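# Analysis of the macromolecular model
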Amino acid sequence: MCPRKKSRKAVGYMSFELFRDVVDQLSCRNIAQLSLHLAGEPLLHPRITEMVAYAKGHGLRRVRFATNATLLNENLARDLIEAGLDSLTVSMDASCAKRYCPGLSGNELISNLDQKIVGLIALRNQRGLEYPEVHMRIINMESTQDLIGDFVQRWEGVADRVTVKPLLSWAGHIKVPGKEPTRRLICISHLTQGVVLWDGDVSFCCLYIDSEGDGAAVIGNAARTSLEDIFLSERRRVLIEAQLRGNYDVAPYCRECPDWNEYLDWGRAEKRPVAGVEA
């Protein structure tokens, strides 16, 4: 569901050395959560379970990631449980199944995914554990309208959490009906997030897509500069102060973004009943 084709940034795997350095810097901080995903499929990374184990072993109290689960199997599920993964979000947009795996029928793919996820939950429960929390998620968009009710009913009581998430525009790159830029408050992403991309580039918004290839939202590189220096930098201070004054021209990628209030939309969606069941 991430609009990879709109980005001009090269793709790749974060090196374990860079990951280890980032975690070491975070281990002495009061970090609420470490998410091991962004614009890609984390289960493709050959060292994903090692990354989870390293982060958990170095004081990160909550480690999670989102996945389409197509690569999940019994061995990988067992490894993730043993590594200490706290939360696994499965983004299962049934209407897009054929796009994930061309040539397979949507029903066949989803049936297989069901078995993989239920298997992970069973392995976890057999060990008497409460982690990883399994969060099933579907995105509320035109192509999923007739699937949401069945989805919620299928997973309610099986997964730990079931949610229907509003469709994001990815900072205006995707047209979302009824979601246009409005008068707003400072974007919470700028104040609460730190994003380290695979090559060390650091942004303060997980929705930023380098569609122009100019790295406009990059505020430093963790392979060359400490995270503390990056987040206390003049560059970040200027951007935050501009937002506090309502000046979004300083960050052009923010100017047309209607997603600044995603956390408000998210909260409303969590409280909205779907097919008679609280999503």
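Quantities reported herein were computed from a predicted structural model and do not represent experimental measurements. (Residues numbered from 1 in each chain as written. Predicted model: local features only at pLDDT ≥ 70, side-chain atom pairs only at ≥ 80, totals over all residues. Heavy atoms only, no water.)

Inside soluble globular proteins, nonpolar side chains tend to come together where they are buried. Among the nonpolar cores identified, the biggest contains 61 residues, and Phe19, Leu34, Leu36, Phe65, Ile117 and Met136 are the most heavily contacted of them. When residues of this core are assigned to their parent elements, the largest contribution, six residues, is made by helix H1 (residues 16–26). (Core = buried A, V, L, I, M, F, W, Y, C linked by side-chain atoms within 4.5 Å. Buried < 20%, exposed > 50% of the residue type's maximum accessible area, 1.4 Å probe, protein only. Helix = DSSP H or I, 4+ residues; strand = E, 2+ residues; numbered from the N terminus.)

The next point concerns the sheet that holds strand E8 (residues 220–221). A sheet is described by the order of its strands in space; here three strands give the open sequence E6-E7-E8, paired in antiparallel fashion. Whereas interior strands pair on both sides, the edge strands pair on one side only; in this sheet they are strand E6 (195–196) and E8. Where E6 meets strand E7 (residues 201–203), two bridges bridge the pair, whose relative direction is antiparallel. Paired with Val195 across the strands is Ser203, a residue of E7. (Pairing = 2+ DSSP bridges.)

Quick look at the packing of aromatic side chains now. In this structure the tally under the stated criterion is two aromatic pairs. Taking 5.9 Å as the distance between ring centres and 80 degrees as the angle between the ring planes, the aromatic pair formed by Phe16 and Tyr54 counts as edge-to-face. Of this pair, Phe16 sits in helix H1 while Tyr54 sits in helix H2 (residues 48–57); the two residues are 38 residues apart in sequence, bridging distant segments of the chain. For Phe16, a relative accessible area of 9% puts it in the buried group. Members of the aromatic cluster, joined through ring pairs, are Phe16, Phe19 and Tyr54. A cation over an aromatic ring shows up here: Arg47 above the ring of Phe16, its NZ or CZ 4.1 Å from the ring centre. Sitting above the plane of the Trp155 ring, Arg154 keeps its charged end 4.3 Å from the centroid. (Phe/Tyr/Trp six-rings, centres within 6.5 Å; stacked < 30°, edge-to-face > 60°. Lys NZ or Arg CZ within 6 Å of the ring centre and 35° of its normal.)

A word on helix H3 (residues 74–83). Helical geometry note: an α-helix holds 3.6 residues per turn, so side chains three or four residues apart project in the same direction. Three or more residues of H3 are buried, namely Leu76, Ala77, Leu80, Ile81 and Ala83. Take H3 and look down its axis: the buried residues cluster within an arc of 165 degrees, on one side only. The outward face of H3, more than 90 degrees from its buried face, is lined by the exposed residues Asn75 and Glu82. Measuring from the backbone nitrogen of Asn75 back to the side-chain oxygen at the start of H3 gives 3.2 Å, which picks out Asn73 as the cap. At the exit of H3 stands Gly84, carrying a positive phi of roughly 100 degrees. (Arc of directions from axis to C-beta. Polar contact = N/O pair within 3.5 Å; in protein donor to acceptor, adjacent residues only side chain to side chain.)

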